[in-house]
Structures are given as structure tokens and as C-alpha cells.
Amino acid sequence: MKEIALHLLDIVQNSVTAGAAHVDIRFDLSADGVLAMSVRDDGRGMSPELLERVRSPFTTTRSTRKVGLGIPLLQQNAMLTGGDVDIESQVGKGTVITARFVTSSIDCLPLGDLASTMATIIMGSPDAPEFSLTCRGPAGEMDFSTEAIRGALEGVSLAEPEVVQWIQESIREEVEPIFGGIIR
Amino acid sequence: MKSLAELEAIRKATASRINLRHEDAADTTRVVIGMATCGIAAGARPVMLSFVDEINKRQLNHVTVSQTGCIGMCRLEPMVDVIVPGKEKVTYVHVKPEMVSRIVAEHIVNGRPVAEYTIGAAEN
């Protein structure tokens, strides 16, 4: 992966597959330059046994193949910067995965195009779950949620091309001033 | 956030077209993009958004864009299936954003698949 935002696009699919009703995505940039990306869902969660194996590239829930690289690749890129990945999960409650990146590290990926990732995520699952995005940093903060805009759409799908582009532009405008220094 | 009034305008503009779409579901052309770890790493995200942009620009009401997982040919990603009703499915491989306008114009609008981008051409 060439961007942290691409890792997000990848691991959010796990929450969707887990049958979550709500997926809350957060990016917090601390004053000392540590970027924490977390994805919290209320999907089916993982058993302690699965949680123990989930970082292995040879663990996957699909039945067609025996490898799954989403989490291992995320962990590798976080650890290369001196950061780490935390996963908490409870069966029936949901999962929280948090990846920390030390942005001053030469090995840190750029944050990348968060707006395109959110547009792609929402377009892939326009009816459910509800997604929210919160970004916080020394330069400001923003909130976005599909729940908030669904009302205004009165039944028009979030996957309509015009709506997808509106979401993309609206998020891009707000993220730029908060994370301007780490996007590219 | 950009103004919700703008979203309201989008809703009004699309509402009529959407009714049209539901009536003609049998005529709908589907564009399906692989969006698993392999597809994403190979560049599927900008490809998908290029299809959305192109379809929006041309106001193609009979086309839907959707995503799928990994189908096991990771080395050929990004892969895109174009499924025109009544025709055989066409699979494009190693798709880049700059190839999208040609696929939309020649295949989806004019009915002639772009042979050189297909999986058949890549395997020879």
C-alpha cells in the first residue's frame, strides 16, 4: 500500500463483512506527530482464539484461500515507523483496531487521499452500515457521517455518482487544513 | 462540510433519473471492480472513481458501478468486469484511470469491447 488511506479502505471491509451497523473511523494527530487511525465497529466481533491469530498472514475468514494480508500489511507499515497496531474485540460487541504511525519517521507512509477512500467505502456499502469519520489535529477538527446526510437525500442512494462526488469533495475540503502536512 | 443545500439540489436532479433506472433494471450495464487487498494495493480506488466520474459526465443512467472481493488472479489487478445485458461478460485487467474513458466510450456506449485491455489479450 502506498497510503495510510488505502490501508483504511482495506481494513474497513472487515467491519462491513462482520455485519456492523455502525463503523466509526477516527484520525487523531498528536502535537508530537503521532497519527492514530482507529476503526470501531459493532459487528460480530472475534473470539479470543481468532484474535490471537488475526495478525498472521495465514489467517483469513474466507474459504477460497488460506492467506489474508490486510492486517499484516497494516501492522508492518505501522511498525516500520516505530508505531504499532492494537486490536480489541468481543464476540457480539464488535471490534476496535487502532494503528499508530510516527509521522516524523522516514518510513511513514503519507496519509493519502482520505476523501477518495471514504467515497469508495460508502459507495461499496451505500445502505448499511452507517459510517462516520472524525479527524482531529493541532490545526483543527472535522466530523462527517452518512447518517447526517442520508436524511437530506430522502431515499436517493448514497451510491449515486453525483452523491459520491459530493461526499468526496466535501471531505477533501475539510481534511486538507487539518492534515495538510502529512497528506503527501 | 459542504452545504446540505447543495445535496438537496443533487437529490432533486437525480430523483427523476432514478425512477427511470428502476423501470429498466433489465437494461442495466454493470461495472464491477475488484476491491480486496490486492486490488486496492494495485490501484483500484482511482480506477473506480474514474468510472464514477466518466459515467456522471456522460449522464449514463443505465450503468451501475459496484465492488467485489478478490477473485484469485491478484497479479492481474486492478480488474474490472463489464457486464452488458445479453452479452458475454468482459474482463479488463491491469486497468489504469487513463484507460477508463476509452472503455466507457467504446464498450459501454458503443458496444465494442476494447480488446487490447481484456484478459484475453493479457494472457497471450
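Here the structure is a predicted model, which means the values were calculated and not measured. (Residues numbered from 1 in each chain as written. Chains lettered and ligands numbered in written order. Predicted model: local features only at pLDDT ≥ 70, side-chain atom pairs only at ≥ 80, totals over all residues.)

1. Regarding the pairing of strand S1 (residues 29-34) of chain B
All names here are of chain B. Examined bridge by bridge, S1 and strand S2 (residues 63-68) share 6 bridges and lie parallel to one another. Residue pairing for S2: Ile33 is matched across the bridge by Gln67. Pairing geometry for S1 and strand S3 (residues 80-83), over 4 bridges, is antiparallel. Looking across to S3, one finds that Val31 is bridged to Val82. (Pairing = 2+ DSSP bridges. Helix = DSSP H or I, 4+ residues; strand = E, 2+ residues; numbered from the N terminus.)

2. Topic: the sheet that holds strand S4 (residues 90-92) of chain B
All names here are of chain B. Spatially, S2-S1-S3-S4 is the arrangement adopted by the 4 strands of the open sheet, whose pairing is mixed. Both edges of this open sheet fall to S2 and S4, since each of them pairs with a single strand only. For this sheet the average axis-to-axis angle between neighbouring strands, irrespective of direction, equals 20°. Packed on one face of the sheet, helix H3 (residues 44-57) meets S1, S2 and S3 and runs near 170° to S2. (Axes fitted to C-alpha atoms, helices over the stretch in contact; angles between N-to-C directions. Contact = placed C-beta atoms within 7 Å.)

3. Some words on the confidence of the model for chain B
For chain B, mean pLDDT is 90; residues scoring 70 or higher make up 93% of the total. Among the scores for the predicted complex, ipTM is 0.89 and pTM is 0.92. (pLDDT = per-residue confidence, 0-100.)

4. Observations regarding H3 of chain B
A rise of 1.5 Å per residue sets the reference length of H3 of chain B, with its 14 residues, at 20 Å; its end C-alpha atoms lie 20 Å apart and thus fit the reference within 8%. One or two steps after H3 of chain B, the chain reaches Gln59 of chain B, where phi turns positive at roughly 50°. (Expected span 1.5 Å × (residues − 1).)

5. So, the packing of helix H1 (residues 4-17) of chain A against helix H4 (residues 114-124) of chain A
Residues and elements named next belong to chain A. Taken N-terminus to C-terminus, the directions of H1 and H4 make an angle of 15°; their axes are 8 Å apart at the nearest point. As far as their axial angle goes, H4 and H1 are roughly parallel. Read as a crossing pair, H1 and H4 show a hand that is right-handed. Contacts between H1 and H4 involve Ala5, Leu6, Leu8, Leu9 and Val12 from the first element and Leu114, Thr117, Thr120 and Ile121 from the second. When grouped by side-chain class, the residues that make up the contact of H1 with H4 number 7 nonpolar, 2 polar and no charged. (Parallel < 35°, antiparallel > 145°, perpendicular 65-115°, else oblique. Left-handed = near helix turned anticlockwise from the far one by under 90°. Nonpolar A, V, L, I, M, F, W, Y, C, P; charged D, E, K, R; others polar.)

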